[in-house]
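Residue-level listing of the chains:
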Amino acid sequence: MKMGNNRGFTFLELLIAVAIFSISAVAIYSSFNVGIRAWRKAEDSYKIRQEARQALSVMSRELRSALSFKLKKPDETFEDSFDGSSDEVSFWRALRTADSKEGYPAGIYKVTYKLEETQSLHRVLRSYRQYVNIEGEEDSGSVFISGLSGFKLEYAYTKEGGIDWQSTWKDEQEVLPFMVKVTLSFPSQGKAEPVDFTETILIPTGELKTQ
């Protein structure tokens, strides 16, 4: 009986097969890894947009509710209704029962937004509340939004018939600004410039001030 030729693979053929398999595996992994990174980048971008949109919405609602309110201090002086710099703003607003959150009863509050750096050098926007009926007391503040690279505020003044945006607002006559421009900046992966989210907020009780 004649036996068939049961010849197996040579060592060279095995090396070639392993090399082809390795190249294919690396190509598939690279494509998969690129897809995963793109997905994560898109998710991070979406999360940042959502956080920025929510933060600007809350700030807009509170600034639109700003009111001219004089608080008499223990030293017989009065606290300004509105005080703004390039990275901090303080103003008074009324909080209705329907709007009040847990721990904040209805009433008049001084609201402060301030850009601060944590011990890890991460920038956070912190919010503070001072209830007018609790004289001299102010809460320790809570992180309003984190992971910022910048927080910028601008205030509307009139100049030669137009609007001029300035980085500070000071007025001893208790005049609120007519508009406030808020910019939240977030670090961008792979880009030198940060990603900015800007909103211009109209304050119904405010007035344009000549600069």
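Look up: the structure comes first, before these words.
Let us look at the structure shown here. Only a predicted model underlies this, so the values are computations on that prediction, with no experimental measurement involved. (Residues numbered from 1 in each chain as written. Predicted model: local features only at pLDDT ≥ 70, side-chain atom pairs only at ≥ 80, totals over all residues. Heavy atoms only, no water.)

### Here we look at the packing of aromatic side chains
Okay, step 1: Inspection of every chain in the model, using the stated rule, returns five aromatic pairs.
Okay, step 2: Seen in terms of ring centroids, tyrosine 157 and tryptophan 169 are 4.8 Å apart; in terms of plane orientation they differ by 40°. Their pairing is tilted. Of this pair, tyrosine 157 sits in strand 9 (residues 150-159) while tryptophan 169 is found in the loop between strand 10 (162-166) and strand 11 (179-186), placing the two residues 12 residues apart along the sequence. In this structure, tyrosine 157 and tryptophan 169 share a single accessibility class: buried.
Okay, step 3: Considering the side-chain rings of phenylalanine 186 and phenylalanine 197, the 5.8 Å spacing of their centres and the 80° angle between planes classify their relative orientation as edge-to-face. Linking phenylalanine 186 in strand 11 with phenylalanine 197 in strand 12 (residues 195-202), this pair joins segments that are 11 residues apart in sequence. Each member of the pair phenylalanine 186 and phenylalanine 197 is classed as buried.
Okay, step 4: Here a set of aromatic residues connected by ring pairs shows up, and it is made of Phe82, Phe91 and Tyr155.
Okay, step 5: Directly above the aromatic system of tryptophan 165 lies the positively charged group of lysine 181, at a separation of 4.5 Å from the ring centroid. (Phe/Tyr/Trp six-rings, centres within 6.5 Å; stacked < 30°, edge-to-face > 60°. Helix = DSSP H or I, 4+ residues; strand = E, 2+ residues; numbered from the N terminus. Buried < 20%, exposed > 50% of the residue type's maximum accessible area, 1.4 Å probe, protein only. Lys NZ or Arg CZ within 6 Å of the ring centre and 35° of its normal.)

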